[in-house]
Amino acid sequence: MARQPGSRATVRAIAAEAGVSIATVSRVMNGQANVAPDTRELVRRAVARLGAPAPARRGTAGGAIYVRCPYVLSDYFGVIVSSIAETLDLYGRRLLLSAGDAARELQVLGDLPGDPGVAGAILVVPPEPEKDLEALRAADFPFVVVDPRTPLPENIASVSAANLTAARNVSAHLVGLGHRRIGVIGGPGDWLASRSRLAGHTSALADAGVLPSPELLRSIEPTADWGYDAACELLDLPLRPTALVAFNDKAAVGALRAAYERRLRVPEDLSITGFDDIDLSRSTVPRLTTVRQPLEEMGRMAVSLLMRLLERHTVDALHVELATQLVLRGSTGPVPGGAPDPAGPGTAA
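Here is a short report on the structure shown in this document. (Residues numbered from 1 in each chain as written. Predicted model: local features only at pLDDT ≥ 70, side-chain atom pairs only at ≥ 80, totals over all residues. Heavy atoms only, no water.)

A few words on the environment of Ala138. Summarising the element assignment, Ala138 is placed in helix α5 (residues 130–138). A C-alpha to C-alpha distance of 9.8 Å links Ala138 and Asn155, two positions 17 residues apart in sequence. (Helix = DSSP H or I, 4+ residues; strand = E, 2+ residues; numbered from the N terminus.)

Spelled out as structure tokens, the structure:
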């Protein structure tokens, strides 16, 4: 079926017309040799019928980089995307940005391999299921995932913080202050970062001979309001926790509000920790003990890794985890009633 003049066929439409996979269309469109002649001809005829651009190899020298971050660009996401944009500019690369909550509903990954103007992509916390990312990789399209939501196959490049180690350091700090009954305000249960941080927390407790209690765990959307609700539930338990570890600084701010409403002093009656070290963590009273994520470096590393993929360089480590830093401030203190000497790695800020 011919398309209307001025319309642009997608790689998905070409694949359906030719009766082949999206990956096969991508290989033909990019001039790759590993396609049977008969199959290549099927794709070329479909291209001609649909009026799509003629197959051509994707340029590595000047093609644009598609950056998908389907969230509001504030705090965490804004820092990462700004770093990506600045680094791409150093490489002389044009950026195509898809951002904001509305972008979450867009189904765009399947069309990227067939766009000759796009050289590669950086996907920041992509909401797409693993199968969509695997299909993009099967199409031989270069891309890097920043902070993946789910575990990725070995052949998909990713950059993230060392979440397990970071969370272990936070909880080890609290354990060193004498805390044993520690409430966890975790992120969504299906997020890789949530599971990794919970594993780190559990590890620190195990070193102290403590088994984690399911009643002390809450999984939330990482916002101040959700953090407040979760903290209220934990602090209203018959035997309340003496410390709370929050998934991020925003959730920790919600926990501070819940403590204030219950006239609990922080850190004299209750210790609270955050994660990310965004500006908000330095604006609370007391200031938050938190984990400093290398957000700018995550953006720079994602670009660097993508450039190596575009140039077909050998990459020995496709999954990169960057070190974090525990920042000790005023929101954590000894367990009420006495504590051993503080322990655990960290810096004051």
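This part takes up the sheet that holds strand β6 (residues 182–186). Within the open sheet, the 4 strands sit side by side as β7-β6-β8-β9. Their pairing is parallel. Edge positions in the open sheet fall to β7 (217–219) and β9 (271–273), since each of these has one partner strand only. Mean inter-strand twist for the sheet, computed between neighbouring axes without regard to direction, equals 15°. Two elements, strand β8 (residues 243–246) and β9, share 3 bridges in a ladder whose sense is parallel. Across the sheet, the residue bridging to Leu244 is Ile272, located in β9. In the packing of helix α6 (residues 163–176) onto the sheet, contacts are made with β6, β8 and β9, and the angle to β8 comes to roughly 170°. Packing against the sheet, helix α7 (residues 192–207) makes contact with β6, β7 and β8, and its axis sits at approximately 170° to β6. (Pairing = 2+ DSSP bridges. Axes fitted to C-alpha atoms, helices over the stretch in contact; angles between N-to-C directions. Contact = heavy atoms within 4.5 Å.)

This paragraph deals with the pattern of salt bridges. Throughout the structure, instances matching the rule amount to 21 salt bridges. Between Arg257 and Asp225 there is a salt bridge, with the nearest N and O atoms lying 3.6 Å from each other. Linking Arg257 in helix α9 (residues 249–261) with Asp225 in helix α8 (residues 224–235), this pair joins segments that are 32 residues apart in sequence. Judged by its relative accessible area of 38%, Arg257 falls in the partly exposed class. Take Asp225: its relative accessible area is 51%, and that puts it in the exposed class. (Salt bridge = Lys/Arg side-chain N within 4 Å of Asp/Glu carboxyl O. Buried < 20%, exposed > 50% of the residue type's maximum accessible area, 1.4 Å probe, protein only.)

Note that the residue after Val266, namely Pro267, is joined by a cis bond; omega there is 10°. With respect to the secondary-structure elements, Pro267 resides in the loop between α9 and β9. In the segment running from Val285 into Pro286, the intervening peptide bond is cis, with an omega of -5°. With respect to the helices and strands, Pro286 occurs in the loop between β9 and β10 (290–292). Here Asp75, not a glycine, exhibits a phi torsion of approximately 50°, which is positive. Structurally, Asp75 can be placed in helix α4 (residues 75–90). One non-glycine residue, Asp276, lies in the positive phi region at around 115°.

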